[in-house]
Amino acid sequence: MNGLDKIIARMESDIRAECDALAANAAENAAAILRDYQAQADAAARDSAQRAQTQAAEHLEHLNGSSQLACRQRVLAAKQEVIDVAFSRAAEALTQLPSQQYIPLLAGLAVQNGAGDEEIILSAADRQAVGQAVVDAANAQKPGAAFRLSDETRETGGGLILRRGKVELNCGFAEKLRLLRQSQSSAVAKLLFD
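Parameters and conventions
- Residues numbered from 1 in each chain as written.
- Predicted model: local features only at pLDDT ≥ 70, side-chain atom pairs only at ≥ 80, totals over all residues.
- Heavy atoms only, no water.
- Pairing = 2+ DSSP bridges.
- Helix = DSSP H or I, 4+ residues; strand = E, 2+ residues; numbered from the N terminus.
- Axes fitted to C-alpha atoms, helices over the stretch in contact; angles between N-to-C directions.
- Contact = heavy atoms within 4.5 Å.
- Buried < 20%, exposed > 50% of the residue type's maximum accessible area, 1.4 Å probe, protein only.
- Polar contact = N/O pair within 3.5 Å; in protein donor to acceptor, adjacent residues only side chain to side chain.

1. Some details on the sheet that holds strand S2 (residues 148-153)
- Read from one edge to the other, the open sheet built from four strands follows the order S2-S1-S3-S4, with strand pairing classed as mixed. Every other strand in the sheet has two partners, leaving S2 and strand S4 (167-172) as the edge strands with one partner each. Mean inter-strand twist for the sheet, computed between neighbouring axes without regard to direction, equals 30°.
- Direction of pairing for strand S3 (residues 159-164) relative to S4: antiparallel, over a ladder of six bridges. Paired with Ile161 across the strands is Asn170, a residue of S4.
- Sheet contacts for helix H3 (residues 99-113): strand S1 (119-122), S3 and S4; angle to S3, the most-contacted strand, approximately 35°.
- The sheet contacts of helix H4 (residues 124-141) involve S1, S2 and S3, and relative to S2 the element is tilted by about 170°.

Written as structure tokens, this is what we have:
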């Protein structure tokens, strides 16, 4: 190995180490962002829950025994509405992240859910604003990855879709939050209303 080869090997090693450090930092930032927005969504849900509970209590005071069933149904609907609002606000908060937080979040979704050879489909706005940066970040985070930015766009409501051939995986925020709600709805309700 001559001197030039040693210099090139050293530069490649330094670049790899720097990329690994950037990827780890981006993952930590994305996790911190998600925690912050989850805390904000929880606080907003608690405020909404308090208002809903106050309204429900006022209704209960005015109802007699035969109308208590209707009142309980209203309380349940109000709780469901509060949970809807909490998840809706979480989705909205995610789509409004600044690009230095949004790019690692989208790249993380691709890396966590994809094998590394998929097309990444974004909304038209996201494709234009952060599309190539997301692909570059995802490829940098996953060794050997070859994610590609699709020419196609879809209104995802934030997030992305991974496509390999005819198979698509919806990693949009609405879908991820819907799945989270299905698996965690009782825990969210307990947190909000107990």
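2. As for the side chain of Arg163
- With respect to the helices, strands and loops of the structure, Arg163 is situated in strand S3.
- Judged by relative accessible area, which is 14%, Arg163 ranks as buried.
- Only 3.5 Å separates the side chain of Arg163 from the side chain of Glu168, close enough to count as a polar contact.
- Setting aside its immediate chain neighbours within four residues, Arg163 contacts Glu118, Glu119, Ile121, Ser150, Glu152, Arg154 and Glu168.

Everything listed here is a matter of geometry and, on its own, says nothing about what the molecule does.
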